[in-house]
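Geometric and topological summary
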Amino acid sequence: MDNSKTRYEALHPLVEEILDKLSEQIGVNSLFFALNDSSSNFIVKAINQDKELIAEGSTHVFQHVLCKLVIDENAGKIQINELIASPLTVNHPVTKSLGNGSFLGVAIKNADNEKIGTLCAFDDRPYEFTASDLRLIERYADIISKSISVETYVIKDALTNVYNERYMNRLISSVTIHPAFLMVLNLDNFHAVNAKYGYRVGNKVLQVLADRLKYVAIPNHVVGRMDGNEFIILAPIDERDFAETGAEYADRVMRAIEEPFTDIGFEPIHLTASSGVSLLTGDYMNRQTQVYAAEALMQQVKLDGKNGILFVDQHREFEQHPFASVLEEEMTHALERGQFELYYQRILEMKNGKFVAVEALLRWNHPILGFVSPTDFIPIAERMGLFEEIGRFTIKQAMADQKRFEDEFDLPVSVAVNLSASQFQSNQLLDELITLATEDGFKRDRIILEIREEVLQTGRKKAIARLEMLRRAGYRLTVDHFGSHYASLNSLLHLPVQAVKFDPIFTRRLAQNQLEQSMIRSVYALAETLDISLVIQEVETLSQYNQVEMLGDDLYVQGHYLHHPQPLHKLIEDFSKQMSVSDV
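In this report, we go over the structure that sits alongside the text. From a predicted model like this one, the values you see are computed outputs, not experimental measurements.

Some points on the sheet that holds strand β6 (residues 115–123)
Read from one edge to the other, the open sheet built from six strands follows the order β3-β2-β1-β6-β5-β4, with strand pairing classed as antiparallel. In this open sheet, the two edge strands, each paired with only one partner strand, are β3 (59–61) and β4 (77–80). Put simply, the sheet's adjacent strands are angled 25 degrees from each other on average, direction ignored. Inspection of the sheet shows strand β1 (residues 30–36) paired to β6 by six bridges, in the antiparallel sense. Residue pairing across strands places Ala34 opposite Thr118, the latter belonging to β6. Along the sheet, helix α1 (residues 12–25) contacts β1, β2 (40–48) and β6; its crossing angle with β2, the most-contacted strand, is approximately 55 degrees.

Structure below.
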């Protein structure tokens, strides 16, 4: 079991949380989570009370441990209150070593429903396990099993077993203190390989290449497959050595690609690649610019004839948005001139198609420029320090609109409002939100605050404290864009949130990609276990809707296929028509 110590490492905080909870409710000495194969049993996490019966990080012969009994049992669970009294354990090596004891174990399963580990309670003295104890461990074993399934789909690319696009995005986002070498590469004319040799050979080439890239001589590097035949290499680097060392790293990668692929097809296959290389630094805006720049340079190599590398000039001034200066000037007065307004998109309950909530979407309707895209004006508003004021307008307007809609139709419809990172981290806005919740007309659980996943990954304790304050004040809470920066499995167990909204990347690929379907099914099962609602957003086509419908009834959907965003007066008008038709 060569990789047991690092397998599912991202789940370790979740497991620690589970063991802590179990130790508060089951009075045995030791609780542990183990992974196993046919030869060995590795203790991933353990809690010991009075004495160390189970050493965390230790490895044992699988044939000699009690965990094997759990794996061998068809039901995947074993309860033994007294080891010397059970025919299963009276002559077991563990009993002979301890003299007596007690054991309760439940199997942990992977995405393929294989028993790969155990969650166990253990003592060197008899203990009367209750039916409640068994149910408790079964529930937490189920959470770990479903989390492992999600972990598998979230981190790894199914074909090549290197990291996938979502996880690479998370790693790129985590570059804060130490600079990193970033290489984006796309294989040249790879469609010709598929056309000549077939997709089976083409897929094998991608698998062999991924293995080669993993073992390129670049210290502490990671490899990701973004999509199709595009890969990313990320590695720590000293900024002062970037020009020289970065060139060496890129050359090693290109040599690995250009080595002929033999023993795959009926003849050696030769490949080249086009690549862009950049230096990532801790500054967020600069980091994003450098990522885009590396991708743009890779495309430039393609246009220039392929098979080459271009490096980002670190001293080059990148062009701003062509209308940035115009937008900055106009935005200064946009709020006071009443140019911002909210549009609303319905959120429907899948099992009955009922309209249960709306999401508030900020729009800037300029009298001359027309509607300005949020992707254009929000970054500028953030940079100018205006977004906090605009965000405050959004929240207050959404609350007023929710009250108006509910008063007019006497229907319990909730309104979801997005909080940006700066809003969520603002003490002043937190105080204002709590104050607003005390005012007359505030309907408890009718205002949903959506916070993006990546915002909750930094300063987790502080983030949880803020969420708890908002929840106590009466707001409902949603993790938005779940899975975009590697799913927050470690947080879901104790985040005081009521819903999870999938990142739209899952929806866009849902109809074509079996992996995305499996990923969503796994999170759906986990969310059900944790009693958290699941929202699938940006459902834009019939095929996507059909795929979502196959997942199950107990989820929520939104997207243009179901409803186009509307201003409040149009939403009320359309709803009035539906009500009158229903009455007739």
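Re unusual backbone geometry
Positive phi outside glycine occurs at Asn189, with the angle close to 55 degrees. Overall, the relative accessible area of 39% leaves Asn189 in the partly exposed class.

Considering the packing of helix α7 (residues 199–214) against helix α8 (residues 242–258)
Viewed as axis vectors pointing N to C, α7 and α8 meet at an angle of 150 degrees, and their least axial separation amounts to 10 Å. Relative to α8, the element α7 lies roughly antiparallel. Handedness of the α7/α8 crossing: right-handed. Note on element contacts: α8 touches α7 through Val253, Ala256 and Ile257, opposite Leu209, Arg212 and Leu213.

Quick word on the environment of Val222
Residue position: Val222 is located in strand β8 (residues 222–227). Counting along the chain gives 59 residues from Val222 to Tyr163, while the straight-line C-alpha distance between them is 7.9 Å. The contacts of Val222, once residues within four sequence positions are left out, are Tyr163, Met168, Leu171, Ile232, Ile233 and Leu234.

A word on the pattern of salt bridges
Under the definition given, this model contains 24 salt bridges. Lys77 is paired through a salt bridge with Glu138; the nearest N and O atoms lie 2.9 Å apart. Here Lys77, found in strand β4, pairs with Glu138, found in helix α4 (residues 131–155); they are 61 residues apart in sequence, far enough to count as distant. Between Lys302 and Asp188 there is a salt bridge, and its shortest N-O distance comes to 2.9 Å. With Lys302 in helix α9 (residues 284–303) and Asp188 in the loop between β7 (180–187) and α6 (190–197), this pair connects stretches of sequence that are 114 residues apart. The residues Lys302 and Asp188 share a single accessibility class, namely buried. Connected through salt bridges with shared partners, the residues Glu16, Lys45 and Glu56 form a single ionic network.

Observations regarding the pairing of strand β16 (residues 447–452)
β16 sits mainly inside the fold: five of its six residues count as buried. Here strand β15 (residues 414–419) runs beside β16; their pairing, made up of five bridges, is parallel. Note that in β16 the partner of Ala416 across the bridge is Ile448. As paired strands, β16 and strand β17 (residues 476–482) are joined by five bridges and run parallel to one another. Residue pairing in the sheet places Glu450 in a bridge with Thr478 of β17.

Quick notes on the rules
- Residues numbered from 1 in each chain as written.
- Predicted model: local features only at pLDDT ≥ 70, side-chain atom pairs only at ≥ 80, totals over all residues.
- Heavy atoms only, no water.
- Pairing = 2+ DSSP bridges.
- Helix = DSSP H or I, 4+ residues; strand = E, 2+ residues; numbered from the N terminus.
- Axes fitted to C-alpha atoms, helices over the stretch in contact; angles between N-to-C directions.
- Contact = heavy atoms within 4.5 Å.
- Buried < 20%, exposed > 50% of the residue type's maximum accessible area, 1.4 Å probe, protein only.
- Parallel < 35°, antiparallel > 145°, perpendicular 65-115°, else oblique.
- Left-handed = near helix turned anticlockwise from the far one by under 90°.
- Salt bridge = Lys/Arg side-chain N within 4 Å of Asp/Glu carboxyl O.

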